[in-house]
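Single-letter residue listing:
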Amino acid sequence: MSERLTNILGYLTLFAILGAIWVLFGEDPTRDQGGRGEPTFVGLKDSINDVAGLSLTTGDSKVTLEKADDTWTVAERNGYPADLAKVRDFLRGVALSERREPKTADPDRFDQIGLGGSGTAVSLRDGKGETMRAFAMGKQSTIGSDRSLTYIFQDSDTRSWLVTSLAEASADPAWWLKNDLLDLKDTRVRSISLGGTVLSRSLNAEDYTIDGLKDGEEAVPSWQLNEPARVLTGLSFADVRHLGNPLAAPKRQVALVTHDGLRLMVTLYDMDDATWAQVSAIHDESLMSEGEAGPLPDAPADGAAEVDAINAKTRGWFFKLAEGDAEVLMRTRDAFVKAPVPAAS
């Protein structure tokens, strides 16, 4: 092979290598997309408080979050309050995100990093409904110990990027709901009624007993008797819907009564192959006079105001319960009484 031909092949090889490097790491100089360590979303750090709308779409799933004053709501759930911590974490991550590594510029490879059909389209809007920023969010990186690295793509970029700080997010409206419905102190509870089964305890007692326990019957261990109170005092839900009337007849009435006059009613329904709850409360001062004498632990300063707050939160809404919680609230008396041991022959 002649020296001239060798030189030509050498130059061709060099050009091929340089072309490959440009494909992998090159950036279009006509686009101001930034580089490693620079902000992912230029300008949003100073204007993130102007965001008044947030939309995420993945396939057929979409959620629209809207801000009014300091409250965020979920549009697809009739304006039920969103979890403020989740919204703030996501927006804070967008504001602070930095570019870590440039990645593929080939759209045919976007599916491998969650930016293709399985990607999540994110849109941030201001109070006038105008788009402040839009981008696609893909998989989180599992490289190293930093689990917050996320693949993203913006139309203003020539390639995808691996960026920092983006918080977990979902296009499922239920994921964003503020799902902690009740937060009552367990020490207040006087009795729980599950259908015809009543679990009660005296003032300042820790454990419940079964009303009407017959001779020879023995209750299950205390932790099992305490489970209905645990579910009700910290009642949460998996989803919510706004209905004027239930779509089915109730399958159970559950009641919680406190020593200080709160009477909480939870009505359970079967809808869409799940258990849904309707919740209401009343303040009954007569319960205090009927109860035992003594200081009332953790009683609210204004029981009537507490009831008003509960009803304001629950009126018109039906709450989808987790399967485990629904199972506890549907237990019958047999679940709280030990099965008799057969006599030895």
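Residues numbered from 1 in each chain as written. Predicted model: local features only at pLDDT ≥ 70, side-chain atom pairs only at ≥ 80, totals over all residues. Heavy atoms only, no water.

Some points on the sheet that holds strand β17 (residues 317-320)
Moving on, step 1. The strand order β12-β11-β10-β14-β15-β16-β17-β13 describes an open sheet built from 8 strands, whose pairing is antiparallel. Unpaired on one side and paired on the other, β12 (209-210) and β13 (239-242) mark the two borders of the sheet.
Moving on, step 2. Bridge count for strand β11 (residues 197-200) against β12 is 2 bridges, and the pairing is antiparallel. Within β12, the residue paired with L199 across the bridge is I210. (Pairing = 2+ DSSP bridges. Helix = DSSP H or I, 4+ residues; strand = E, 2+ residues; numbered from the N terminus.)

Concerning the environment of G37
Moving on, step 1. The topology assignment puts G37 in the loop between α1 (3-25) and α2 (44-47).
Moving on, step 2. For the pair G37 and T164, spaced 127 residues apart in the sequence, the C-alpha separation amounts to 9.4 Å.
Moving on, step 3. Apart from the residues lying within four places of it in its own chain, the contact partners of G37 are E98 and R99. (Contact = heavy atoms within 4.5 Å.)

Some thoughts on the packing of aromatic side chains
Moving on, step 1. Across all of its chains, the model carries 9 aromatic pairs by this definition.
Moving on, step 2. Plain terms: the ring middles of F110 and F153 are 5.3 Å apart, the flat faces sit at 55 degrees to each other, and that makes the pair tilted. With F110 in the loop between β5 (99-102) and β6 (120-125) and F153 in strand β8 (residues 150-153), this pair connects stretches of sequence that are 43 residues apart. Exposure class is identical for F110 and F153. Each is buried.
Moving on, step 3. Centroid distance W175 to W176: 4.9 Å. Interplanar angle 80 degrees. Geometry classified as edge-to-face. (Phe/Tyr/Trp six-rings, centres within 6.5 Å; stacked < 30°, edge-to-face > 60°. Buried < 20%, exposed > 50% of the residue type's maximum accessible area, 1.4 Å probe, protein only.)

Comments concerning the sheet that holds strand β4 (residues 80-81)
Moving on, step 1. On the basis of which strands lie adjacent, the open sheet formed by 9 strands has the order β4-β3-β2-β1-β6-β7-β8-β9-β5 and antiparallel pairing. Taken across any chain shown, the strands that pair with only one partner, and hence form the sheet edges, are β4 and β5.
Moving on, step 2. Here 3 bridges tie β8 to strand β9 (residues 161-163), and the two strands are oriented antiparallel to one another. Within β9, the residue paired with T150 across the bridge is V163.

Looking at unusual backbone geometry
Moving on, step 1. Here N78, not a glycine, exhibits a phi torsion of approximately 55 degrees, which is positive.
Moving on, step 2. Topologically, N78 is positioned in the loop between β3 (71-74) and β4.
Moving on, step 3. Here N78 falls in the exposed class, since its relative accessible area comes to 56%.
Moving on, step 4. Notably, S165 is not glycine yet its phi reads approximately 75 degrees, a positive angle.
Moving on, step 5. Looking at the element boundaries, S165 is found in the loop between β9 and β10 (189-194).
Moving on, step 6. Overall, S165 belongs to the partly exposed group, its relative accessible area being 32%.

What about helix α7 (residues 303-314)?
Moving on, step 1. In this model, α7 (12 residues) spans 17 Å end to end at C-alpha, consistent with the 16 Å of a helix rising 1.5 Å per residue.
Moving on, step 2. Buried within α7 we find G303, E306, V307, I310, N311 and T314. Buried residues in α7, looked at end-on, bunch into an arc of 130 degrees, giving them a common side. Pointing more than 90 degrees away from the buried face of α7 are the exposed residues D308 and A312.
Moving on, step 3. Tucked into the core, α7 has its buried residues touching β15 (262-271), β16 (274-283) and β17.
Moving on, step 4. The N-cap residue of α7 is D302: its side-chain oxygen and the backbone nitrogen of A304 are 3.2 Å apart.
Moving on, step 5. Following α7 by one or two positions, G316 adopts a phi angle in the positive range, close to 85 degrees. (Expected span 1.5 Å × (residues − 1). Arc of directions from axis to C-beta. Polar contact = N/O pair within 3.5 Å; in protein donor to acceptor, adjacent residues only side chain to side chain.)

Describing the pattern of salt bridges
Moving on, step 1. Per the stated rule, a full pass over the model turns up 16 salt bridges.
Moving on, step 2. A salt bridge links K178 to D180, with the nearest nitrogen and oxygen atoms 3.4 Å apart.
Moving on, step 3. When its relative accessible area of 39% is taken as the criterion, K178 is described as partly exposed.
Moving on, step 4. Note that E227 and R230 form a salt bridge whose closest N and O atoms lie 3.6 Å from each other. One end of the pair is E227 and the other is R230, both in helix α5 (residues 227-233) and 3 residues apart, which spans about a single turn. (Salt bridge = Lys/Arg side-chain N within 4 Å of Asp/Glu carboxyl O.)

Description of helix α3 (residues 84-96)
Moving on, step 1. Over its 13 residues, α3 extends 18 Å from the first C-alpha to the last, a length consistent with the 18 Å expected when each residue adds 1.5 Å.
Moving on, step 2. All of the buried residues along α3 are V87, F90, L91, G93, V94 and A95.
Moving on, step 3. Buried residues along α3 sit in contact with α2, β1 (53-58), β2 (61-68), β3, β6 and β7 (131-140).
Moving on, step 4. Capping the start of α3 is the job of one residue whose side-chain oxygen sits 3.0 Å from the backbone nitrogen of A85: D83.

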